[in-house]
Amino acid sequence: MGHALARLNIAESTARESQRSIPYLGAYTTTLPTDSTSTFTETVKSHLSIIADLKAATQKDNDFIFLKTIPNEPQLPAIGKLALAKPTSLTELYKADDVQRIIGGDLFAKLIPMSVTQSASMYSEEKAKLIRAEQEKSDIADGELMAALDHLQLPGSLKRFTESKDEVLNELRKPPQAVKEIAREVSAGERLERTANLVGKLQQLRTKVQEGIQTALSQLEEEERVCEGMRAQYGTDWTQKPSAGQTVSMRQELNSNKDNLEQAKSNDDLLEAQWIRYRTDIEILASGEEGLPLREEFKKVGTKAKTPTQGSLLDLVDDEGSTGSMGRVAENVQIVERGLSGLNVIKRERQTTLKQLKEAVDNLVFLSSL
């Protein structure tokens, strides 16, 4: 009875708190109907009246009959779940024969065993793995083909060679965009400091470092010679330790730097040889993408060589017959077009073969003895 009164007190206080909060509902939401405030007020008022009547009756019974102490809210035990139904076994309602007749045979008798299901799943995964591997190979081959054709600018670049001789020459006498970009980079670097100056500074620095290392080694040898000479002159009165043992690490480091310098000199000589070889081209590129030397160099395309030994792959001024430059260009264009056609055929055949493989794999049936 005491627990009942405690819960009724909680219910009453909660209802009164709800009654005080109803007028402020509009401040928290705007989706309620216009009559919601009056509806909530009447509902809570009715509920509070029921609680008050029940509390009065319970309080009267407790005062005159039960005399139980009313506990605080934290002391109240939790209300357990109410079992709304009682489980009843079929054997309590029917006989064993009737139960078998009602529920029938085993519902799972026709299900595929788990081992077979697992094997079928692994089989499907192997088929999918095979398709993925072949698809990946096909995608890689197509990607490499597209990258190669894009790098060679095919088949778009063939257009210039199928035009007339004058149109081809006019096109070839214009510096391409790739050459302009290289010329822009070389020109920017040359403006900062010319390559010839850098080569000269590199030689000077290398000579200076070599002389410094040699001087340091000579000073160490001189110091050792003087030390040993003083030891021979003064005998036991000379207390300085032999310098050879004190400068071992320094000598090793200097010799190592000397060897590294020799290796660097070999590398520098190779770079300088390359620079000397292409110095003329670098100087032309250093004039910039719109520089006169670069434009003049490309204007030479198609001009006659001064001597028979100065032939050029771009010399297009000889006869246009089958044996002339234009004839050879047309023949080479046909060879390239046949190669492109063959590549496209291979690509289509690869796609067709892959499609047939997918259909064949999909039609494979998993067989297993149950």
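Residues numbered from 1 in each chain as written. Predicted model: local features only at pLDDT ≥ 70, side-chain atom pairs only at ≥ 80, totals over all residues. Heavy atoms only, no water.

## A word on the nonpolar core
L145, L149, L154, L158, V329, V333 and L340 together form the largest nonpolar core, which totals seven residues. Contributing elements (two or more residues each) for this core: α5 (114-152) and α14 (325-362). Residue contributions to this core peak at three residues, all from α14. Excluding residues that lie within four positions of it along the chain, L145 makes contacts with L343 and K347. (Core = buried A, V, L, I, M, F, W, Y, C linked by side-chain atoms within 4.5 Å. Buried < 20%, exposed > 50% of the residue type's maximum accessible area, 1.4 Å probe, protein only. Helix = DSSP H or I, 4+ residues; strand = E, 2+ residues; numbered from the N terminus. Contact = heavy atoms within 4.5 Å.)

## Structural notes on the packing of aromatic side chains
All told, the structure shown has one aromatic pair when counted by the stated rule. Here Y234 and W238 contribute two aromatic rings whose centre-to-centre distance is 6.4 Å and whose plane-to-plane angle is 20°, an arrangement assigned as stacked. (Phe/Tyr/Trp six-rings, centres within 6.5 Å; stacked < 30°, edge-to-face > 60°.)

## A look at the packing of helix α9 (residues 195-234) against helix α11 (residues 248-277)
Viewed as axis vectors pointing N to C, α9 and α11 meet at an angle of 160°, and their least axial separation amounts to 11 Å. Overall, the two elements α9 and α11 adopt an arrangement that is roughly antiparallel. Note on packing geometry: the crossing formed by α9 with α11 is left-handed. Residue classes in the contact of α9 with α11 are distributed as 12 nonpolar, six polar and 10 charged. (Axes fitted to C-alpha atoms, helices over the stretch in contact; angles between N-to-C directions. Parallel < 35°, antiparallel > 145°, perpendicular 65-115°, else oblique. Left-handed = near helix turned anticlockwise from the far one by under 90°. Nonpolar A, V, L, I, M, F, W, Y, C, P; charged D, E, K, R; others polar.)

## Notes on the packing of helix α1 (residues 2-21) against helix α2 (residues 36-66)
How two helices pack is summed up by the angle between their axes together with the distance between the axes. Relative to each other, α1 and α2 sit at 155°, their axes nearing to 10 Å. The angle between α1 and α2 places the two elements in the roughly antiparallel class. Taken as a pair, α1 and α2 cross one another with a handedness that is left-handed. Across from A4, L5, L8, N9, A11, E12, A15, R16 and Q19 in α1, the residues of α2 making contact are V44, K45, H47, L48, I51, L54, K55, T58, Q59 and N62.

## Let's talk about the pattern of salt bridges
By the definition in use, this model includes 13 salt bridges. The salt bridge involving E126 is made with K129; its shortest N-O contact spans 3.5 Å. Here E126 and its partner K129 are both found in helix α5, three residues apart, which amounts to about one turn of the helix. As a salt-bridge pair, R251 and E224 come within 2.8 Å of each other at their nearest N and O atoms. You can see R251 sitting in helix α11 and its partner E224 sitting in helix α9, a full 27 residues away along the chain. With relative accessibility at 25%, the residue E224 sits in the partly exposed group. When salt bridges with common partners are traced through the structure, they connect E12, R16 and K55 into a single cluster. (Salt bridge = Lys/Arg side-chain N within 4 Å of Asp/Glu carboxyl O.)

## Looking at unusual backbone geometry
With omega at 0°, the peptide bond leading from L154 into P155 counts as cis. Of note, L67 is a non-glycine position whose phi angle comes to about 55°, a positive value. What makes L67 exposed here is its relative accessible area of 62%. Phi at Q153 is positive, roughly 60°, even though this residue is not glycine. Looking at the secondary structure, you find Q153 in the loop between α5 and α6 (159-162). In this structure Q153 comes out as exposed when scored by relative accessible area, which is 52%.

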